[in-house]
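# Commentary on secondary and tertiary structure
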Amino acid sequence: MAISLRALLAHIRRRTPPGPRPPTPLGALPEVASGRLFELLSHMWRAYGDLSSVRVGARLMVSVVHPEHIQEVLATRRENYTKASHRARVLLGDGLPASNGESWARQRRLLQPHFVPRALDYFDSRIAGALEVMVERWGRAADAMGTVDLDEEMTHLTLDLSLRALSDDYLSEEHTALRRAIVEAVDFVGASGQLFRLPLSVPTRRNTRFRACLGTIDTFIMEAIAAHRRTRDKHDLLAMILDASEQEGSWITDRLIRDEAVSLLLGAYDSTARALTWSWALLDSDREARARLYAEIDPLEGRTPLSADRGALPWTTAVVHETLRLYPPFWVFPRHVEADDELGGYAIPAGSTVMISPYLTQRHPELWPEPHRFNPERFLSGGVTPQRARASAMYFGFGPRTCVGNHLAMLEVTAALACLAQRFELTRVGEAPVPDFATTLRPRGGLKMRIRRRH
Ligand code: HEM
């Protein structure tokens, strides 16, 4: 209560964090609505420091860059910083990433055991299957002396993998419309959607297209659920959710089964694809890092490292961590402020949106020496382990809502790099990639690379 009163007084006295004070009632809405959220956040950081704020329409947006404050938001006082008004709710419904409170805790207890390190062997055959397809695909491209859009290739791989894990399916020609719908729907819920979006009921062209994508995704999921219920002989993630719904009773409704399935499918593929794309891009630009990678993976003699090899590829793993530090797929994530609070001596009024950007924090010069340099060495033993880095390296989030799939993601990315880099050498064609701060961080216009066989 004392804090709340202080926060209120501070707000009345305009003691909210410093920042630009746009003169019009719209505030910074035009910048956010036109997709320049990253430019706005990085300007605020440079000009006003680790804690800053700006009005976006009627709402205050607070940018929190220092790990000390991030820990307060994501851990110590997390009940006050929720995912109410989550930008992806239109797509994920009440699935784990968008849920809150007791409902979130129950969902987390249900899903988490399937993603802890000792449960990862479930995914081995799925990862190996998806990579086998990729090796054939790249073999054909290499023989044709071809170039590929690496970002698209990685999206293909991780979507295939996610389908295999979720519903023992795989990405085929039949899924062309599904793939298009997923990619478009994920784009739609972009980062600025947290602060500005016309209601879906307004029949704009974008809204109409999004609703059509949603229809395609829902049809696919509902058919998968019906098929599982008919045969009852599947052992995949969807079967696990359906079993739980029978055992746990009424709180797992059909709607929630759909939401959870969509969350797992979409939460898994996009971020993992981006992690892979940026890993290839950084390896391409650093001959020494590439040589060390080959030295570590070539002794595998064609084998794909899977869950039993965890910890056996320290350099490859460090490359992935350093890639995620420099190019976190979720470059920003928001929280809704439930009640008046105070951070760093400033008032944080109820109803504000707090923005946390791993991209900015993970390039903070006080936390990371030579912050913009690709240096996987930082993550080798004796260096900054992700655990020790805590909220200064939160590409998988921080606190109780840390990514439930983080171990799986590390397994998938290291397995894919090790399998494909044993066989193929990729060389960039054209300019160095420039980040596009979309729903996830991706190279603007894709990433063209030439594929050659290594041996
Ligand atoms: C490199 C790949 C990945 C990255 C960088 C990543 C990143 C993140 C981040 C930053 C969060 C927390 C967001 C927040 O606090 O608002 C999160 C949550 C989540 N992620 Fe991931 N993720 C990845 C892969 C995966 C995979 C493979 C799965 C599949 C299981 C997954 C499922 C989820 C789910 C369900 C949540 C919500 C957890 C909760 O709220 O309790 N992610 N992820």
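Keep in mind it's a predicted model, so treat the numbers as computed, not measured.

## A short note on the sheet that holds strand S4 (residues 147-149)
The strand order S4-S12-S9 describes an open sheet built from 3 strands, whose pairing is antiparallel. A strand with exactly one partner marks an edge of an open sheet, and here the two such strands are S4 and strand S9 (424-428). Averaged over all adjacent pairs, the angle separating strand axes in this sheet is 40°, with direction ignored. Sheet analysis places S9 next to strand S12 (residues 448-453), joined by 5 bridges and oriented antiparallel. Paired with Glu425 across the bridge in S12 is Arg452. Sheet strands touched by helix H8 (residues 150-167): S4, S9 and S12. Its angle to S4, the strand with the most contacts, is close to 65°.

## Section: the sheet that holds strand S5 (residues 333-337)
Sheet architecture is open: 5 strands sit in the order S1-S2-S8-S5-S3, paired in mixed fashion. Strands at the two margins of the open sheet, each flanked by one partner only, are strand S1 (51-56) and strand S3 (81-82). The pairing of strand S2 (residues 59-64) with strand S8 (residues 353-356) spans 4 bridges and is classified as parallel. Each residue of the ladder has a partner; that of Val64, found in S8, is Ile356. Of the strands in this sheet, S1, S2 and S8 touch helix H3 (residues 37-48), which is tilted by about 135° from S1.

## Points about the pairing of S2
With 5 of 6 residues buried, S2 is to be regarded as a mostly interior element. Relative to S2, S1 runs antiparallel, the two being bridged by 6 bridges. Considered in S2, the bridge of Arg55 is made with Leu60. Counted along the chain from S1 to the antiparallel partner S2, the turn is 2 residues long, and its residue Gly57 has a positive phi close to 60°.

So, how was this worked out
Residues numbered from 1 in each chain as written. Predicted model: local features only at pLDDT ≥ 70, side-chain atom pairs only at ≥ 80, totals over all residues. Pairing = 2+ DSSP bridges. Helix = DSSP H or I, 4+ residues; strand = E, 2+ residues; numbered from the N terminus. Axes fitted to C-alpha atoms, helices over the stretch in contact; angles between N-to-C directions. Contact = placed C-beta atoms within 7 Å. Buried ≥ 20, exposed ≤ 12 C-beta atoms within 10 Å, placed from the backbone.

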